[in-house]
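# Notes for the structure review
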Amino acid sequence: MTATLRPPASACPACAAAPAAEALAHHEAPQEAHIVLSLPTIHCAACMSAVERALDKVPQVRSARVNLTLKRVSIEADPDLTAADVIPVVQGAGYEAHELDNTAISATATDKAGRDLLMRLAVAGFAAMNVMLLSIAVWSGAEGPTRDLFHWISAAIVLPAVGFSAMPFFRNAWTALSARSLNMDVPISLAILLAVGTSLWETSLSGEHAYFDAAIALTFFLLTGRYLDHRTRSVARSAAEELAALEVPRAWRITDAGETQVPVGELAVGDLIRVRPGGRMPVDGEIVSGTSELDRSLLTGETLPVFAEPGRTVSAGEVNLTGPLTIRASAVGRDTSLHRMADLVAVAESGRSRYTSLADRAAKLYAPGVHILSALAFVGWLIYAGDLRVALNIAAAVLIITCPCALGLAVPAVTTAASGRLFKRGLLIKDSTALERLAQVDTVVFDKTGTLTSGTPELTNLGDFTRRDLELALALAEGSSHPLSQSLAAAAREAGIKPETLTDVTEIPGHGTTGIWRGQEVRLGRANWVGGGQTDKTAAWLRVGDGPAQAFLFTDRLREGAEEAVTALREAGLKVILISGDTTPAVESLAERLGITQWMAEALPQDKSTRIAMMSRDGAHVLMVGDGLNDTAALTAAHASISPASALDAARVASDIVLLGGSLAPIPEAVQTARKATRRIRENFTVATWYNIIAVPLAVAGLCSPLIAALAMSASSITVSLNALRLR
């Protein structure tokens, strides 16, 4: 599902849910409320238990179950309980929580295709083993009634087994034929049906040869390929859907009658909206009153908060950190920044889905050729021998011997082997064509904050301060939730510093923290509030009484393996580019440190995706490595993409590969493995091609029975699988 496919005016869950909410208002209240919250920061079983215990303490909550895979909690509660009532409970337990709408939830139902394929594969395998045992008796010389009995027993086993196990091939073939087209499942279905039909005819005439074992073995091998292919496919949701799920469902609108909570679908341009500390902006707008700090990492990737005051513009999705704000809406619904980002992602996703894999390109040539060859063999032998039975046998042998088992296994066998190898190195392949696309990349684009760097500020000049100043700074920093204060506090505690005793400690939203020490005011915060000077580095200023202001300087720590990854990629001949939403000095400094000559700073999400689209139009195959929501459009626009496991949900969903560990070092190996995998796929196609060149003339000449054809087909499949295992 993509955001652009929703029929109402907005693709966000809240906007789509607004009409439904109005309709429900005319009905009786439900007997039980079902609330679903997104929990983006949970990561282990302990997190699950903590959230469930906190919710179980709420009297109105009947049950609460956390799904760690989807990072959600489903709550069954009394009908008067709302998401606004339980979100503070989860936040009080130490976890971020956002309400999810049912339209986003319904699209993530459990995928049953894998279990269905596995069940069909098991049935085919069990039937094949039993029929092979019966066939051994026939091959050993059983004759007359005994041979016929074994054939009929084989038929009783194979007919229901094939009817159940081969149903996916029959269904897909019928769909293709109904649309007057051909696909790989058409020759597969014909081969299976001809083998079964010919065997029944031979058995009814007390013939020597029946090919039930060939039919069920063919089904088993083809299902093996289909299941391997399924395992390589991602069951992740659409990234556009994840973006939509992050939009705020409700907002506090200010009217003459006071504050009223309304669905965001009811908001209009010009409305006054109150955004409390910790809340996300529901619309784009301008601050009318209040001061605070904003977390804009959603849109820019810059982790440090920015000062918010009247007159500053804000965008949907930004987080209000410290003080209450009143904003006047300038864009709502489909026109907000967050929704435009979802549209960018949807467009990029549709472009990627048009990528044609090697197997698909081979199938376009293969399917019609098989039918033509089999039909010519049938007509030729019917004219030459005048025996319908002989002509059908040879046509079935041609279809079986040319059956695309090797082609069907060529790609999934390699991708499964390569995926297993990369998983051991800490890389999870999510998309079935990711390896093929990764092998083609010639340009690598990195995001900065959270990707090449850890995304957390690190104090660099702790030793420049006296112990007294550090004790005062620690006391103030512990009273603030600002990232710089938290980093300062962590560094001071690690150095063994104890906080000084202060009175009247107060955090001033958007400015800093103040307190009284021995009758003097002590301040820690922004330069213009504390009275500090100018610096080109990230800083928090400390001032004690009338003394001079001193700067705590911070830098962003490099992610483990960043230097090694960039160096290895450049040595492999790939162009490396840095594109970030961070400030120009920060991006330039990091680029020089890593030896990256091409970089772009202060880039918005549309800037990143536009730049990648331009490079793609110029013939480049771009690998995007990013972690933020602001990188999502770029990740989907790129030819291939990687995101760290620490990335936001939407970024991980949008990417082809997830980096499970904290190091970037495995990325060059992923590119190298992808190139090897592509070579193995081409080798497998070569094996399948030569197999057909040698075997097909024998089948057409009548030198191969359907049984021998099935054995030859099995041999080619095993060869392809063994070649794929060389990757491990």
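All of the points below concern the structure found in this document. (Residues numbered from 1 in each chain as written. Predicted model: local features only at pLDDT ≥ 70, side-chain atom pairs only at ≥ 80, totals over all residues. Heavy atoms only, no water.)

## Describing the overall build of the chain
The following threshold applies: Think of it this way: any DSSP run of H or I at least four residues long counts as a helix, any run of E at least two long counts as a strand, and we number them from the N terminus. For the exposure calls, accessible area comes from a 1.4 Å probe over protein chains only, and a residue counts as buried if that area is under 20% of its type's maximum, exposed if over 50%, partly exposed in between. Residue contacts are counted whenever heavy atoms from the two residues lie within 4.5 Å of one another. Values of accessible area rely on a 1.4 Å probe in the Shrake-Rupley scheme; residue burial ignores everything except the protein chains shown.
Across its full length, the chain carries 27 helices and 26 strands. The 728 residues of the chain split such that 52% are buried. Of the contacts formed within the chain by residues at least 6 apart in sequence, a portion of 69% connects residues at least 24 apart. Entry remark: accessible area of the chain is about 31900 Å², with carbon and sulfur atoms responsible for 57%.

## Focus on helix α26 (residues 666-700)
Put simply, the test is: Take the residue count of a helix, subtract one, and multiply by 1.5 Å to get its expected span. In this analysis the local bend is the angle between axes fitted, respectively, to the seven residues ending at and the seven residues starting at the residue.
Over its 35 residues, α26 extends 50 Å from the first C-alpha to the last, a length consistent with the 51 Å expected when each residue adds 1.5 Å. Within α26, the axis deviates most sharply at I694, by approximately 25°, and proline P697 lies no more than four positions further along. The positive-phi residue at the C-terminal boundary of α26 is G702, with phi of around 80°.

## Regarding helix α7 (residues 167-178)
Between its terminal C-alpha atoms α7 stretches 16 Å, which fits the 16 Å expected from 12 residues at 1.5 Å a residue. Within α7, burial applies to P168, F169, F170, A173 and A176.

## A few points about the packing of aromatic side chains
Ring pairs (aromatic) are described by centroid distance and by the angle formed between their planes. For clarity, the cut-off: Here a Phe, Tyr or Trp ring, Trp counted by its six-membered ring, pairs with any other such ring whose centre lies within 6.5 Å, and the pair is stacked when the planes are under 30 degrees apart, edge-to-face when over 60, and tilted otherwise. Here, a charge over a ring means that NZ of Lys or CZ of Arg falls within 6 Å of the ring centre while also lying within 35 degrees of the ring normal.
Overall, the coordinates contain two aromatic pairs when judged by the stated rule. Between F465 and F552, the ring centres sit 3.8 Å apart and the planes meet at 5°, which makes this aromatic pair stacked. A residue pair is termed long-range when its members are at least 10 positions apart, and F465 in the loop between β16 (453-459) and α18 (467-477) and F552 in strand β21 (residues 550-558) qualify at 87 residues. On the accessibility criterion, F465 (9% relative accessible area) is buried. One Lys or Arg, R120, reaches over the ring of F164 and ends 4.6 Å from the middle of that ring. The positively charged end of R276 is found above the aromatic ring belonging to W252, 4.6 Å away from the centroid.

## Remarks on the sheet that holds strand β10 (residues 306-308)
To keep things clear, this is the line we draw: Think of it this way: DSSP has to see at least two bridges between two strands before they count as a pair.
The three strands lie next to each other as β10-β9-β12, forming an open sheet whose pairing is antiparallel. The open sheet terminates on both sides in strands that have one partner only, identified here as β10 and β12 (319-320). The pairing of strand β9 (residues 292-295) with β10 spans three bridges and is classified as antiparallel. If you follow S292 over to β10, its bridge partner there is A308.

## Quick look at the sheet that holds strand β26 (residues 657-659)
For clarity, the threshold we go by: Comment: axis = line fitted to C-alpha atoms, over the contacting stretch for helices; angle = value between 0 and 180 degrees taken between N-to-C directions.
Spatially, seven strands are ordered β14-β26-β25-β24-β15-β22-β23 in an open sheet, and the strand pairing comes out mixed. This sheet does not close on itself; its edge strands, each paired only once, are β14 (427-429) and β23 (598-600). Each strand of the sheet is rotated relative to its neighbour by a mean of 20°, with strand direction disregarded. Contacts from helix α23 (residues 605-617) reach β15 (443-446), β22 (575-579), β23 and β24 (622-625), with the element oriented near 160° to β24.

## Concerning the environment of V66
Its location among the elements puts V66 in strand β2 (residues 61-67). Overall, V66 belongs to the buried group, its relative accessible area being 10%. Considered as a pair, V66 and V51 are 15 residues apart in the sequence and their alpha carbons are 7.6 Å apart. V66 has contacts with L39, I42, M48, V51, E52, R72 and V73, leaving out every residue within four places of it along the chain.

## Considering the pairing of strand β19 (residues 520-525)
Side-chain direction in a regular strand flips from residue to residue, so the side chains alternate between the two faces of the sheet. Bridge count between strand β18 (residues 512-517) and β19: six bridges; the pairing is antiparallel. Looking across to β19, one finds that G515 is bridged to V522. In textbook terms, the turn of a hairpin is the stretch between consecutive antiparallel strands, and for β18 and β19 this stretch comprises two residues, one of which, R518, has a positive phi near 50°. The pairing of β19 with strand β20 (residues 538-544) spans four bridges and is classified as antiparallel. Pairing of V522 across the sheet is with V544, part of β20.

## So, unusual backbone geometry
Despite not being glycine, R518 has its phi angle at roughly 50°, a positive value. Within the fold, R518 resides in the loop between β18 and β19. Phi at E602 is positive, roughly 55°, even though this residue is not glycine. Mapped onto the elements, E602 comes out in the loop between β23 and α23. The exposure class assigned to E602 is exposed, which follows from its relative accessible area of 51%.

## With respect to the nonpolar core
Note the cut-off: Residues belong to a common nonpolar core when they are buried Ala, Val, Leu, Ile, Met, Phe, Trp, Tyr or Cys residues joined through side-chain atoms within 4.5 Å.
L438, F446, L452 and L623 are the most contacted members of the largest nonpolar core, which totals 41 residues. Element by element, the count of residues in this core is highest for α26, at seven residues. Once you skip the residues sitting within four places of it in the chain, L623 turns out to touch L438, V441, T443, V444, V445, A640, S641, I642, I667 and V671. The next biggest cluster of nonpolar side chains, apart from the first, holds 27 residues, and it includes A124, F169, F170 and A195.

## Comments concerning the side chain of T219
Relative to the helices and strands, T219 is located in helix α9 (residues 212-231). Of the residues examined, T219 reaches a relative accessible area of 0% and is grouped as buried. Residues in contact with T219, not counting those within four places in the same chain, are A124, V162, S165, A166, F169 and I192.

## Re the environment of A601
With respect to the helices and strands, the residue A601 is situated in the loop between β23 and α23. The class for A601 is buried, based on a relative accessible area of 17%. Remark: the alpha-carbon pair of A601 and T583, spanning 18 residues in sequence, is separated by 6.0 Å. Contacts of A601, omitting those with residues within four sequence positions, involve S580, D582, T583, T584 and V587.

## A word on the pairing of strand β25 (residues 640-644)
With respect to burial, β25 is a largely interior element, five of its five residues being buried. Side chains A640, I642 and P644 project from β25 onto one buried face, and the interleaved S641 and S643 project onto a second face that is buried too. Note that β24 and β25 share three bridges and pair parallel. The residue bridging L623 from the neighbouring strand is A640, located in β25. Here three bridges tie β25 to β26, and the two strands are oriented parallel to one another. Across the sheet, residue S643 finds its bridge partner in β26, namely V658.

## Side note on the pattern of salt bridges
Heads up, the rule is: The working definition used for a salt bridge is a side-chain nitrogen of Lys or Arg within 4 Å of a carboxyl oxygen of Asp or Glu.
Per the counting criterion, the structure on display carries 14 salt bridges. A salt bridge links R120 to D116; the shortest N-O distance between them is 2.9 Å. Of this pair, R120 and D116 both sit in helix α5 (residues 113-139), separated by four residues, roughly a single helical turn. The partly exposed category is assigned to D116, whose relative accessible area is 31%. With a shortest N-O distance of 3.2 Å, R526 and E293 are connected by a salt bridge.

## Quick look at the packing of helix α6 (residues 144-165) against helix α8 (residues 185-204)
Filter applied, for reference: The labels follow the angle: roughly parallel below 35 degrees, roughly antiparallel above 145, roughly perpendicular from 65 to 115, and oblique for the rest. By definition, any crossing whose near helix is turned counterclockwise from its far helix by less than a right angle is left-handed, and any crossing with a clockwise turn is right-handed. Polar here means any residue outside two lists: the nonpolar Ala, Val, Leu, Ile, Met, Phe, Trp, Tyr, Cys and Pro, and the charged Asp, Glu, Lys and Arg; Gly therefore counts as polar.
Between α6 and α8, whose axes approach to 10 Å, the crossing angle comes to 150°. Judged on the interaxial angle alone, α8 and α6 are roughly antiparallel. Regarding α6 and α8, the two cross each other, and that crossing is left-handed. Facing D148, H151, W152, A155, V158, L159 and V162 of α6, the residues of α8 in contact are I192, V196, L200, T203 and S204. For the contact of α6 with α8, the class distribution of residues is eight nonpolar, three polar and one charged.

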